[in-house]
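So the chains spell out like this:
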Amino acid sequence: MRCPYCGSLDDKVIESRTLGTGESIRRRRECVSCGYRFTSYERIEEKPFMVVKRDGRRQPFDRTKLEKGINRALEKRPVSATMTDNIVAEIEDTALMRGRASREIPTSELGELVLEKLYTIDKVAYIRFASVYRHFENLDEFITEVNKLTDHNREEKK
């Protein structure tokens, strides 16, 4: 650690103390060259969790963006705000677990997580989200997706 007084790189630690929740350490140091005492702080530097876009760009994971998309799909649906918060938290947790090693997740995988969750909660919200996420170009694509839902519901009832 460079001495703020004389610029020497030779110092010794006099005292170390863990602060608050254990997320940082305060160290009292003394410069061996000039005897000046100073304090340094040590923290863990975490890489941000990233989302890999379809075109290869990376951007930090944004919980509010995820929440906004889910809220838009669930707009005017009989799903409570608490339930929505739980859905967002579960998707975020799953995404963080899946991308734990690389600290990133593709948007395609994140979108599929949202679709899986919405499918179990509300079929209308599922269709709304799917129409935006899968970029439905025309009515036929929309009808195909609705028919898949209808066919799947029939199979479940058997």
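Now for a look at the structure at hand. (Residues numbered from 1 in each chain as written. Predicted model: local features only at pLDDT ≥ 70, side-chain atom pairs only at ≥ 80, totals over all residues. Heavy atoms only, no water.)

## Comments concerning the pattern of salt bridges
Let me state the cut-off plainly: Salt bridge, as used here, is a side-chain nitrogen of Lys or Arg placed within 4 Å of a carboxyl oxygen of Asp or Glu. Elements are defined by DSSP. Helices are runs of H or I of four residues or more, strands are runs of E of two residues or more, and each kind is numbered from the N terminus. Partly exposed describes any residue whose relative accessible area lies between the buried limit of under 20% and the exposed limit of over 50%, with all areas from a 1.4 Å probe on protein chains only and scaled to the type maximum.
Taken as a whole and judged by the stated rule, the model has 11 salt bridges. In this structure, Arg 77 and Asp 122 form a salt bridge, with 3.1 Å as the shortest nitrogen-oxygen distance. Separated by 45 residues along the polypeptide, Arg 77 in the loop between α1 (63–73) and α2 (81–98) and Asp 122 in the loop between α3 (107–121) and α4 (123–133) bring together distant segments of the chain. Judged by its relative accessible area of 28%, Arg 77 is partly exposed.

## Observations concerning the nonpolar core
Note the threshold: The nonpolar core is taken to be a set of buried Ala, Val, Leu, Ile, Met, Phe, Trp, Tyr and Cys residues, with the residues joined through side-chain atoms within 4.5 Å. Any two residues having at least one pair of non-hydrogen atoms within 4.5 Å are treated as being in contact.
Ranked by internal contacts, the top residues of the largest apolar core, which has 25 residues, are Ile 70, Ile 91 and Leu 118. Elements that contribute at least two residues to this core include exactly α1, α2, α3 and α4. Discounting chain neighbours no more than four positions away, the residues touching Ile 70 are Thr 84, Ile 87, Val 88, Ile 91, Val 114 and Leu 118.

## Some details on unusual backbone geometry
The backbone of Lys 76 sits at a positive phi, close to 60°, despite the residue not being glycine. Residue position: Lys 76 is located in the loop between α1 and α2. If you check the backbone angles, Arg 103 has positive phi at about 60° while not being a glycine. When you line up the elements, Arg 103 lands in the loop between α2 and β6 (104–106).

## Notes on the environment of Glu 141
Checked against the element boundaries, Glu 141 lands in helix α5 (residues 139–157). Glu 141 sits in the partly exposed class, given a relative accessible area of 32%.

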